[in-house]
Amino acid sequence: QVQLAESGGGLVQPGGSLRLSCAASGSIFGPAVMGWYRQAPGKQRELVAVITSGGRTNYADSVKGRFSISRDNAKNTVYLQMNSLKLEDTAVYYCNAGPYIYAPGNYWGKGTLVTVSS
């Protein structure tokens, strides 16, 4: 069983930056794929970015060029650097872990709220 613990959400002005972190525990081997999904009020949960243990990434078109995902395999931790934040980035961001890069895995964090507001 894998547990995911997120941190780093908060309130930021448009154009600002935030960094999210997610640490995985409970498994001898780190998850093959870790990443972030988000859910805005009244909308479905959607992919933000994911990364494999080998460094392969997949980003949503809406965040390309603004967000960057990275991973420390030794710490089983994934990071999401969010720059040039927009009002529409406001959402609960969920950490996810699993075996596939093009579909969410079975393990979810509790979520961390990111609010972009002036």
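The structure this text deals with has already been given above.
Residues numbered from 1 in each chain as written. Predicted model: local features only at pLDDT ≥ 70, side-chain atom pairs only at ≥ 80, totals over all residues. Heavy atoms only, no water.

**A closer look at the overall build of the chain**
Secondary structure assignment for the chain yields 0 helices and 11 strands. The order of helices and strands in the chain, counted from the N terminus, is β-β-β-β-β-β-β-β-β-β-β. Expected size for 118 residues packed as a compact globule is a radius of gyration near 13 Å; at 13 Å, the chain falls within 12% of this value. Projected onto the principal axes, the alpha-carbon positions of the chain cover approximately 45 × 25 × 25 Å. Looking at the chain as a whole, 44% of its 118 residues are labelled buried. In the chain, the proportion of contacts linking residues at least 24 apart, taken out of those at least 6 apart, comes to 54%. Accessible surface for the chain amounts to roughly 6,300 Å². Of this, 49% is attributable to carbon and sulfur atoms. Charged side chains of the chain number 11 positive and 6 negative; the gap between the two group centres comes to 3 Å. (Helix = DSSP H or I, 4+ residues; strand = E, 2+ residues; numbered from the N terminus. Rg over C-alpha atoms; globule rule 2.2 N^0.38 Å. Buried < 20%, exposed > 50% of the residue type's maximum accessible area, 1.4 Å probe, protein only. Contact = heavy atoms within 4.5 Å. Areas by Shrake-Rupley, 256 points an atom, 1.4 Å probe, with all protein chains shown as cover. Lys, Arg positive; Asp, Glu negative; His and termini not counted. Charge placed at Lys NZ, Arg CZ, Asp CG, Glu CD.)

**Here's the deal with the packing of aromatic side chains**
The geometry of two aromatic rings is summed up by the distance between their centres and the angle between their planes. What the rule picks out here adds up to 2 aromatic pairs. Judged by centre distance (5.3 Å) and plane angle (70°), the rings of Tyr37 and Trp108 are edge-to-face. With Tyr37 in strand 4 (residues 33-39) and Trp108 in strand 10 (residues 107-108), the pair connects residues that are 71 residues apart, well separated along the chain. By relative accessible area, which is 33% here, Trp108 ends up partly exposed. Arranged with centres 6.4 Å apart and planes meeting at 90°, the rings of Tyr94 and Trp108 form a pair that is edge-to-face. With Tyr94 in strand 9 (residues 91-98) and Trp108 in strand 10, the pair connects residues that are 14 residues apart, well separated along the chain. (Phe/Tyr/Trp six-rings, centres within 6.5 Å; stacked < 30°, edge-to-face > 60°.)

**Observations concerning the side chain of Arg71**
Position of Arg71 relative to the elements: it lies in strand 7 (residues 67-72). Here Arg71 is buried and forms no salt bridge, its nearest opposite-charge partner Asp72 lying at an N-O distance of 8.1 Å. Of note is the side chain of Arg71, whose polar atom sits 2.8 Å from the side chain of Asn73. (Salt bridge = Lys/Arg side-chain N within 4 Å of Asp/Glu carboxyl O. Polar contact = N/O pair within 3.5 Å; in protein donor to acceptor, adjacent residues only side chain to side chain.)

**A few points about the pattern of salt bridges**
Under the defined criterion, the tally for this structure stands at 4 salt bridges. A salt bridge links Arg38 to Glu46, with the nearest nitrogen and oxygen atoms 2.8 Å apart. With a closest N to O distance of 2.7 Å, Asp89 and Arg66 form a salt bridge. Of this pair, Asp89 sits in the loop between strand 8 (77-82) and strand 9 while Arg66 sits in the loop between strand 6 (57-59) and strand 7, and the two are 23 residues apart along the sequence.

**Notes on the sheet that holds strand 3 (residues 18-25)**
With antiparallel pairing, the 4 strands of this open sheet are ordered in space as 1-3-8-7. Each having just a single partner strand, strand 1 (3-7) and strand 7 make up the two edges of the open sheet. Averaged over all pairs of adjacent strands, the angle between strand axes in this sheet comes to 15°, irrespective of strand direction. Relative to strand 8, strand 3 runs antiparallel, the two sharing 6 bridges. Considered in strand 8, the bridge of Ser21 is made with Tyr79. (Pairing = 2+ DSSP bridges. Axes fitted to C-alpha atoms, helices over the stretch in contact; angles between N-to-C directions.)

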